[in-house]
Amino acid sequence: MPNVRQSERIAGVHIVEPTVHGDQRGLFIETFRREWFPNAREMLQGNRSNKQQGALVGLHYHLHQADYWYCPVGTIRVVLHDLREGGPTDGGTECFDISGENHLGVYIPPGVAHGFAALTDVVMTYLVDGYYNPADELGVAWDDPEIGADWGIVDPIVSARDQANPKRSAIPPHLVPRAPLRT
């Protein structure tokens, strides 16, 4: 059985340490199971992201969509920040590494900003419980001192979109997640 635990810093975030089965042929790992996440919706779409070492993605957030991340190749530093005003962990930030070595996965509910830095060349897969909706693709500045993220890299490669994201204090009021969003 996998070890599925709730984050102590951000409500609704679940970190999965799956069971690894291996023999002389290699490994088998069940990386996702819907029943591991109470109150979660069915995942509808799977995506893959290949990034070079030093790339930084985020911070992005959604008002309606949850994500599940898994990194089978390389190592990423995951950064999560709870934007849900009025929630029990509003303003909480959590940083940790997931990799092809530790096999961790992470479930990220709506309203939690999420990003990652490629500590090595990586292949990252993620599942989402909603189809792509540009109106629900929102962002907050990856380098906002109020968030205080430790990305684990210097001189990151950041997209123009991510460089243009506002600081948390400048998010337009109608785009600020407010608790309770579903977890």
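Keep in mind that this is a model prediction, so the values were computed, not measured. (Residues numbered from 1 in each chain as written. Predicted model: local features only at pLDDT ≥ 70, side-chain atom pairs only at ≥ 80, totals over all residues. Heavy atoms only, no water.)

Draft legend 1. Broad picture of the overall build of the protein chain. If you tally the helices and strands in the protein chain, you get 1 helix and 14 strands. A globule of 183 residues ought to have a C-alpha radius of gyration of about 16 Å, and the protein chain, at 16 Å, matches this closely. Reported as C-alpha extents along the three principal axes, the dimensions of the protein chain are approximately 55 × 40 × 30 Å. Residues counted as buried form 48% of the 183 residues belonging to the protein chain. Taking as baseline every contact in the protein chain between residues at least 6 positions apart, the subset at least 24 positions apart corresponds to 79%. Of the roughly 9,100 Å² that the protein chain leaves accessible, carbon and sulfur atoms contribute 50%. Computed over 15 positive and 23 negative side-chain charges, the inter-centroid distance for the protein chain is 4 Å. (Helix = DSSP H or I, 4+ residues; strand = E, 2+ residues; numbered from the N terminus. Rg over C-alpha atoms; globule rule 2.2 N^0.38 Å. Buried < 20%, exposed > 50% of the residue type's maximum accessible area, 1.4 Å probe, protein only. Contact = heavy atoms within 4.5 Å. Areas by Shrake-Rupley, 256 points an atom, 1.4 Å probe, with all protein chains shown as cover. Lys, Arg positive; Asp, Glu negative; His and termini not counted. Charge placed at Lys NZ, Arg CZ, Asp CG, Glu CD.)

Draft legend 2. How the structure looks around the packing of aromatic side chains. Under the defined criterion, the tally for this structure stands at 7 aromatic pairs. Plain terms: the ring middles of Phe37 and Tyr107 are 4.8 Å apart, the flat faces sit at 20° to each other, and that makes the pair stacked. In this pair, Phe37 sits in the loop between strand E4 (26-29) and strand E5 (45-51) while Tyr107 sits in strand E10 (residues 105-108), placing the two residues 70 residues apart along the sequence. When sorted by exposure, Phe37 lands in the same class as Tyr107, which is buried. Aromatic pair Trp69 and Phe116: ring centres 5.6 Å apart, planes at 85°, arrangement edge-to-face. With a gap of 47 residues between them, Trp69 in strand E7 (residues 67-73) and Phe116 in strand E11 (residues 112-118) connect regions that are remote in the sequence. With respect to class, Trp69 is no different from Phe116; both count as buried. Linked through ring pairs, Phe32, Trp36, Phe37, Tyr68 and Tyr107 together constitute an aromatic cluster. (Phe/Tyr/Trp six-rings, centres within 6.5 Å; stacked < 30°, edge-to-face > 60°.)

Draft legend 3. Structural context of the sheet that holds E7. Taken together, the 6 strands give an open sheet; going across it, the order is E1-E2-E10-E7-E12-E5, and neighbouring strands pair in antiparallel fashion. Each edge of the open sheet is held by one strand with a lone partner, namely strand E1 (3-6) and E5. Pairs of neighbouring strands in the sheet enclose a mean axial angle of 20°, with direction left out of account. Where E1 meets strand E2 (residues 14-17), 4 bridges bridge the pair, whose relative direction is antiparallel. Across the sheet, residue Val4 finds its bridge partner in E2, namely Val16. (Pairing = 2+ DSSP bridges. Axes fitted to C-alpha atoms, helices over the stretch in contact; angles between N-to-C directions.)

Draft legend 4. Representation of the pairing of E2. Inspection of the sheet shows E2 paired to E10 by 3 bridges, in the antiparallel sense. Among the inter-strand pairings, Ile15 is bridged to a residue of E10, identified as Val106.

Draft legend 5. The arrangement of the nonpolar core in detail. By size, the foremost hydrophobic cluster in this structure holds 20 residues, and its most contacted members are Trp69, Ile76, Leu80, Ile98 and Val106. Counting only elements with at least two residues in this core, the list comes to strand E6 (55-61), E7, strand E8 (75-82), strand E9 (93-99), E10, E11 and strand E12 (122-128). Sequence-distant contacts of Val106, that is, excluding residues within four places in its chain, are made with Val13, His14, Ile15, Asp67, Tyr68, Trp69, Leu80 and Phe96. The next biggest cluster of nonpolar side chains, apart from the first, holds 16 residues, and it includes Leu59, Val140, Trp142 and Val176. (Core = buried A, V, L, I, M, F, W, Y, C linked by side-chain atoms within 4.5 Å.)

Draft legend 6. Highlighting the side chain of His14. When you line up the elements, His14 lands in strand E2. Within polar-contact distance, the side chain of His14 engages the backbone oxygen of Gly12 at 3.2 Å. Contacts of His14, omitting those with residues within four sequence positions, involve Val4, Arg5, Gln6, Trp36, Phe37, Pro38, Gly105, Val106 and Tyr107. (Polar contact = N/O pair within 3.5 Å; in protein donor to acceptor, adjacent residues only side chain to side chain.)

Draft legend 7. Focus on the pattern of salt bridges. All told, the structure shown has 10 salt bridges when counted by the stated rule. Residues Asp23 and Arg25 are paired through a salt bridge, measuring 2.6 Å at the closest nitrogen-oxygen approach. A salt bridge links Arg178 to Glu85; the nearest nitrogen and oxygen atoms lie 3.9 Å apart. Of the two residues, Arg178 sits in the segment after helix H1 (160-163) while Glu85 sits in the loop between E8 and E9, which places them 93 residues apart along the sequence. Among the residues examined, Glu85 registers a relative accessible area of 35% and is labelled partly exposed. Residues joined in a network through salt bridges with shared partners are Glu30, Arg33 and Glu35. (Salt bridge = Lys/Arg side-chain N within 4 Å of Asp/Glu carboxyl O.)

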